[in-house]
Amino acid sequence: MTRMTVDSERLVRRLKELGSLGVDQDGRLTRLAATDADKLGRDLFVRWAKEAGLKVFIDRIGNIFAIYETRENAGTAPIMMGSHIDTVINAGKFDGCYGVLAGLGVIETLMAEGIYLARPLVVAAFTNEEGVRFTPDMMGSLVYVGGMDVEEALQAVSIDGKLLGHELERIGYAGKLDPGFLTPEAYVELHIEQGPILESLGIQIGVVENLQGISWQRIAIDGVANHAGTTPMGLRRDAGHAAAKIMEFVHELATEYNTEMVGTVGSIHFEPNAINVIPSRATLTVDLRSPKEERLLTAETALADEIISISNALGVSVRSETLARTQPVQFCNDIVDRIERVVELGGFKSMRITSGAGHDAQMMARLCPTAMIFVPSAQGISHNPDEYTPDFDLINGANVLLGVATDLARTH
Ligand code: HGY
Ligand code: MN
Ligand code: MN
């Protein structure tokens, strides 16, 4: 582990400052992709990067890249760190932002120390990682690695009816560079675990060797609105009841597969959404995840079959639309080993771990050798304003990232 250390006070201060931007009228931290709130966060990160003397580039999907290169290493494939600074609704301050700001801190430390680096260093902030306003999630990094055409992505329509391309123009982040303009030699993403494992086992660093597959779909159910008081139960075509049965099935499906599957219905909406009207329409989203592709496929088929039987039994019509679908990802063993070596040198307790959450790293793994570093999340809470990681854990993670980036930039 290098004796250098990232400036901990600055990292903690910046996380707080970035975390104070985009608080909505209800006091909830919400910086959805390509909103004015997202612009506030982007502008602050770009300002810090430029103040640090980095060159900042924006590509056509709005991904931001802050680059540190010297005369000696200019033009060689860089070592890239990064994550995202867009958030979910009513978010915590650490998800994504920690990896971006720690990456910036690592570069500032190496610049200040004047360490010779055989490769340039880059820290990236990818567009729309969360996928709440526009789907799919991890969109910026997916486009970056060629997994989605940039024109198609710019045509994505948000939940509030806006085109991503127009929104990026509006907030001033419709860059000119083609996504993928830079192929890193390696990519390392530092992130909070967002789950309970590390903290519950007293482990300081998670060395992420793989990441589970994700299946997102939106299900629209059409029944018939009718009077809640006069319509006999047997004559109803109740879209709300069908939605409830689907929700219950998703829960049973995931529970039946035990630890190898999680299932969530995160959003549901009834129309006309009135206390005394049988819902004519219900729209819900289903998020299924598993580290095993065959599990995910079986679950998707089981859900599709169940939807058919529910629609026949209740006399409603059901349509489902795939919003995002990624297979499980195995990260690069060489990078995983390097992370473990740095952790050992630093005297930290670590364990290999699977990521339950999706990350930009799962897309970057298609482009270059990639792995992730986790730090504990207090009580495993995330996507929640109570998301928290103690300062010493934040600094430990940032210093492991420093060690790995230095190691890779010197030799890889
Ligand atoms: O959904 C996820 O796992 C990530 O937070 N976008
Ligand atoms: Mn994240
Ligand atoms: Mn997230």
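Residues numbered from 1 in each chain as written. Chains lettered and ligands numbered in written order. Predicted model: local features only at pLDDT ≥ 70, side-chain atom pairs only at ≥ 80, totals over all residues. Heavy atoms only, no water.

Asker: How should the overall build of the chain be read in this particular structure?
Answerer: Broken down by element type, the chain carries 12 helices and 16 strands. Relative to the 2.2 N^0.38 estimate, which gives 22 Å for 412 residues, the radius of gyration of the chain is 22 Å and therefore close to what a compact globule would have. Seen along its three principal axes, the alpha-carbon backbone of the chain occupies a region of about 80 × 45 × 35 Å. By the burial criterion, 56% of the 412 residues in the chain qualify as buried. Expressed as a percentage of contacts within the chain between residues at least 6 apart in sequence, the contacts between residues at least 24 apart total 80%. Here the chain has roughly 16,900 Å² of accessible surface; of this, 51% comes from carbon and sulfur atoms. The distance from the centre of the 36 positive side-chain charges to the centre of the 55 negative ones in the chain is 4 Å. (Helix = DSSP H or I, 4+ residues; strand = E, 2+ residues; numbered from the N terminus. Rg over C-alpha atoms; globule rule 2.2 N^0.38 Å. Buried < 20%, exposed > 50% of the residue type's maximum accessible area, 1.4 Å probe, protein only. Contact = heavy atoms within 4.5 Å. Areas by Shrake-Rupley, 256 points an atom, 1.4 Å probe, with all protein chains shown as cover. Lys, Arg positive; Asp, Glu negative; His and termini not counted. Charge placed at Lys NZ, Arg CZ, Asp CG, Glu CD.)

Asker: How should the site of ligand 1 be read in this particular structure?
Answerer: Every residue near ligand 1 is listed here: Glu129, Glu130, Asp137, Trp216, Arg289, Ala357, Gly358 and His383. Residue Glu129 places a side-chain N or O atom 3.2 Å away from a nitrogen atom belonging to ligand 1. Contact distances for ligand 1 include 2.7 Å between an oxygen atom and a backbone N or O atom of Gly358. If ligand 1 stood free it would expose 210 Å²; the protein chains cover 95% of that surface. Here ligand 1 occupies the largest pocket. Of the residues that constitute the shell around ligand 1, the class distribution is two nonpolar, two polar and four charged. (Near = heavy atom within 4 Å. Polar contact = N/O pair within 3.5 Å; in protein donor to acceptor, adjacent residues only side chain to side chain. 1 Å grid on protein atoms, 1.4 Å probe; cavity = no way out; pocket = protein on both sides within 12 Å on 5 of 7 lines; lining within 4 Å. Sits in = over half its atoms within 2 Å of the grid points. Nonpolar A, V, L, I, M, F, W, Y, C, P; charged D, E, K, R; others polar.)

Asker: How should the coordination of the manganese ion (ligand 3) be read in this particular structure?
Answerer: Angles between donor atoms at a metal ideally measure 109.5 degrees for a four-coordinate tetrahedral arrangement and either 90 or 180 degrees for a six-coordinate octahedral one. Ligation of the manganese ion (ligand 3) by protein atoms is provided by Asp95 (OD), Glu130 (OE), Glu130 (OE) and His383 (NE2), these donors lying 2.1 to 2.7 Å from the ion. Of note, the donors binding the manganese ion (ligand 3) are all from one chain and are spaced D-x34-E-x252-H. In this structure, the manganese ion (ligand 3) lies 3.5 Å from the manganese ion (ligand 2), and both are coordinated by Asp95. Of this pair, Glu130 sits in the loop between strand 4 (121-126) and helix 4 (139-144) while His383 sits in the loop between strand 16 (370-375) and helix 12 (391-411), and the two are 253 residues apart along the sequence. (Donors = N, O, S within 2.8 Å, 3.2 Å for Na, K, Ca; no water.)

Asker: Any chance you could explain the side chain of Ser311 here in plain terms?
Answerer: Topologically, Ser311 is positioned in helix 9 (residues 293-314). A polar contact is formed between the side chain of Ser311 and the backbone oxygen of Ile308, at a distance of 2.9 Å.

Asker: Hey, could you run me through the pattern of salt bridges in this one?
Answerer: Using the criterion set out here, one finds 26 salt bridges in the structure. For Glu260, the salt bridge is made with Lys292, and the minimal N-O distance between the two is 2.5 Å. Of this pair, Glu260 sits in the loop between helix 8 (239-256) and strand 9 (262-264) while Lys292 sits in the loop between strand 12 (281-290) and helix 9, and the two are 32 residues apart along the sequence. The network of salt bridges with shared partners includes Asp36, Arg133, Asp160, Glu167 and Arg170. (Salt bridge = Lys/Arg side-chain N within 4 Å of Asp/Glu carboxyl O.)

Asker: For this particular structure, what's the right way to read the environment of Val208?
Answerer: With respect to the helices and strands, Val208 occurs in strand 6 (residues 205-211). The exposure class assigned to Val208 is buried, which follows from its relative accessible area of 0%. Considered as a pair, Val208 and Cys332 are 124 residues apart in the sequence and their alpha carbons are 9.8 Å apart. Discounting chain neighbours no more than four positions away, the residues touching Val208 are Phe331, Val336, Ile353, Thr354, Ser355, Ala371, Met372, Ile373 and Phe374.

Asker: Can you walk me through the packing of aromatic side chains in this structure?
Answerer: Centre distance and the angle of the planes are the two values used to describe a pair of aromatic rings. Taken as a whole and assessed by the stated rule, the structure comprises eight aromatic pairs. Ring centres 6.0 Å apart and planes at 85° place the aromatic pair Phe65 and Phe126 in the edge-to-face group. Of this pair, Phe65 sits in strand 2 (residues 64-68) while Phe126 sits in strand 4, and the two are 61 residues apart along the sequence. As far as burial versus exposure is concerned, Phe65 and Phe126 are alike and both buried. Clustering of aromatic rings is evident, with ring pairs tying together Phe57, Phe65, Phe126, Tyr144, Phe181 and Tyr187. (Phe/Tyr/Trp six-rings, centres within 6.5 Å; stacked < 30°, edge-to-face > 60°.)

Asker: Can you walk me through helix 8 in this structure?
Answerer: In an α-helix, one turn spans 3.6 residues; hence positions three or four apart end up facing the same way. Helix length check: helix 8 (18 residues) gives 26 Å between terminal C-alpha atoms against 26 Å at 1.5 Å per residue, within 8%. Backbone geometry just downstream of helix 8 places Asn258 in the positive-phi region, at approximately 60°. (Expected span 1.5 Å × (residues − 1).)

Asker: What is the right way to look at the layout of surface pockets in this model?
Answerer: To find leftover empty space, one rolls a probe the size of a water molecule over the atoms. If you add up the space inside the largest pocket, you get close to 1,400 Å³. Lining of the largest pocket is provided by 49 residues; of these, Trp216, Thr264, Asp287, Arg289 and His383 occupy positions nearest its centre. If you list the elements that add at least two residues to the lining of the largest pocket, you get strand 7 (213-222), strand 9, strand 10 (268-271), strand 12 and strand 15 (350-355). Per-element accounting of the lining of the largest pocket gives the leading share, six residues, to strand 12. A breakdown of the residues in the lining of the largest pocket according to their chemical character gives 16 nonpolar, 25 polar and eight charged. Within this model, the second largest pocket holds a volume of roughly 170 Å³. Contributing to the lining of the second largest pocket are Arg60, Leu154, Gln155, Leu163, Gly165, His166, Leu168, Glu169, Ala174, Gly175 and Lys176. Looking at which element gives the most residues to the lining of the second largest pocket, the answer is helix 6 (residues 164-171), with four residues. Of the residues in the lining of the second largest pocket, the class split is four nonpolar, four polar and three charged. (Points joined across faces, edges and corners; volume = space filled by probe spheres on them.)

Asker: How should I be thinking about the nonpolar core in this particular structure?
Answerer: Counting residues in hydrophobic clusters, the biggest one holds 103 residues, and the most contacted among them are Phe45, Met80 and Ile339. Considering every element that reaches this core, the biggest residue donor is helix 12, with 10 residues. What Ile339 contacts, discounting residues up to four positions off in sequence, is Val188, Val207, Ala371, Met372, Ile373, Val400 and Val404. With 24 residues, the next largest nonpolar core counts Ala243, Val250, Leu296 and Val316 among its residues. (Core = buried A, V, L, I, M, F, W, Y, C linked by side-chain atoms within 4.5 Å.)

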